[in-house]
Amino acid sequence: MNPEAIITTLLAAAAFLKKPVQDIAVQSIKDVYEAARYYLRRKFGEHTDAAKVLDLATEKPESQLRKAVLVEETTTAGLHHDTELVRLAAELARLLPGSKDTAAQRVQVEGVRNRVTVAGRDVINTER
């Protein structure tokens, strides 16, 4: 699992848990979220810059800048290869409502006659 997907899932859970929700599933999401956060903090080290970044990102999960710094810290530490963290992130993704599309790509296709433009990560022009 890539570090972006792990951190996106963690921050989606943080954002979800900040909303007032009255559902039984919330407790299981909260438990897995706290376990993932605790695990990351333990791997980073208690009083490190990475642990501070984790706290900042989970306080304001909608911040793209904080997310990017946390992804960088996770990548630098090599935690995206950690099987336990990947398992926790996958479990969080499974429990979060509407998170099934977090890893999906957005693709736009336009065309007129025999000329088609496909835009995803790259722009591809085809002409016949």
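Residues numbered from 1 in each chain as written. Predicted model: local features only at pLDDT ≥ 70, side-chain atom pairs only at ≥ 80, totals over all residues. Heavy atoms only, no water.

## Section: the overall build of the protein chain
Of regular secondary structure, the protein chain possesses five helices and three strands. In the protein chain, the order of α-helices and β-strands from amino to carboxyl end is α-α-α-α-α-β-β-β. Within the protein chain, the fraction of its 128 residues that count as buried is 33%. Look at the contacts in the protein chain between residues 6 or more apart in sequence, and 54% of them connect residues 24 or more apart. Taken as a whole, the protein chain presents about 8700 Å² of accessible surface, with 51% of it coming from carbon and sulfur. (Helix = DSSP H or I, 4+ residues; strand = E, 2+ residues; numbered from the N terminus. Buried < 20%, exposed > 50% of the residue type's maximum accessible area, 1.4 Å probe, protein only. Contact = heavy atoms within 4.5 Å. Areas by Shrake-Rupley, 256 points an atom, 1.4 Å probe, with all protein chains shown as cover.)

## With respect to the packing of helix α3 (residues 49-59) against helix α4 (residues 64-77)
One way to put it is that α3 packs onto α4 with a least axis distance of 9 Å and a crossing angle of 145°. In this structure, the crossing between α3 and α4 has a hand that is left-handed. Side by side, α3 and α4 meet where Ala50, Val53, Leu54, Leu56, Ala57 and Glu59 of the first sit next to Arg66, Val69, Leu70 and Glu73 of the second. Looking at the contact of α3 with α4, its residues break down into seven nonpolar, no polar and three charged. (Axes fitted to C-alpha atoms, helices over the stretch in contact; angles between N-to-C directions. Left-handed = near helix turned anticlockwise from the far one by under 90°. Nonpolar A, V, L, I, M, F, W, Y, C, P; charged D, E, K, R; others polar.)

## With respect to empty space enclosed by the protein
With the rule as written, the count across this model stands at one cavity of 30 Å³ or more. Approximately 40 Å³ is the volume found for the largest cavity. Along its surface, the largest cavity is lined by Ile6, Leu10, Ala36, Leu40, Leu85, Leu88, Ala89 and Leu92. At the level of secondary structure, the elements contributing two or more residues to the lining of the largest cavity comprise α1 (3-18), α2 (25-44) and α5 (83-95). Considering each element in turn, the lining of the largest cavity owes the most residues, four residues, to α5. (1 Å grid on protein atoms, 1.4 Å probe; cavity = no way out; pocket = protein on both sides within 12 Å on 5 of 7 lines; lining within 4 Å. Points joined across faces, edges and corners; volume = space filled by probe spheres on them.)

## Here we look at α4
Here α4 contains 14 residues, and its C-alpha end-to-end distance of 20 Å stays within 8% of the 20 Å for a straight helix at 1.5 Å per residue. Positive phi shows up at Gly78, right after α4, with a value of about 70°. (Expected span 1.5 Å × (residues − 1).)

## Let's talk about the environment of Arg94
Secondary-structure assignment places Arg94 in helix α5. Residues Arg94 and Ile29 lie 65 residues apart in sequence; the distance between their C-alpha atoms is 9.4 Å. Within the local environment of Arg94, its side chain forms a polar contact with the side chain of Glu91, the two groups lying 2.7 Å apart. (Polar contact = N/O pair within 3.5 Å; in protein donor to acceptor, adjacent residues only side chain to side chain.)

## Some remarks on α5
One turn of the α-helix equals 3.6 residues, which is why residues spaced by three or four share an orientation. Its 13 residues place the ends of α5 18 Å apart at the C-alpha level, agreeing with the 18 Å of an ideal helix rising 1.5 Å per residue. Residues of α5 that are buried include every one of Leu85, Leu88, Ala89, Leu92 and Ala93, and no others. One face of α5 carries all of its buried residues, which in axial projection span an arc of 135°. Where α5 begins, the side chain of Asp82 points an oxygen toward the backbone nitrogen of Glu84, at a separation of 3.0 Å. (Arc of directions from axis to C-beta.)

## Re the side chain of Thr74
In this fold, Thr74 is placed in helix α4. Engagement of the side chain of Thr74 in a polar contact is seen with the backbone oxygen of Leu70, the distance being 2.8 Å. Ignoring sequence-local partners within four residues, the contact set of Thr74 consists of Pro3, Ile7, Phe44, Leu79 and His80.

## Regarding the side chain of Asp82
Within the secondary structure layout, Asp82 lies in the loop between α4 and α5. Within polar-contact distance, the side chain of Asp82 engages the backbone nitrogen of Glu84 at 3.0 Å. When sequence neighbours within four positions are dropped, the list of residues in contact with Asp82 reads Tyr39 and Lys43.

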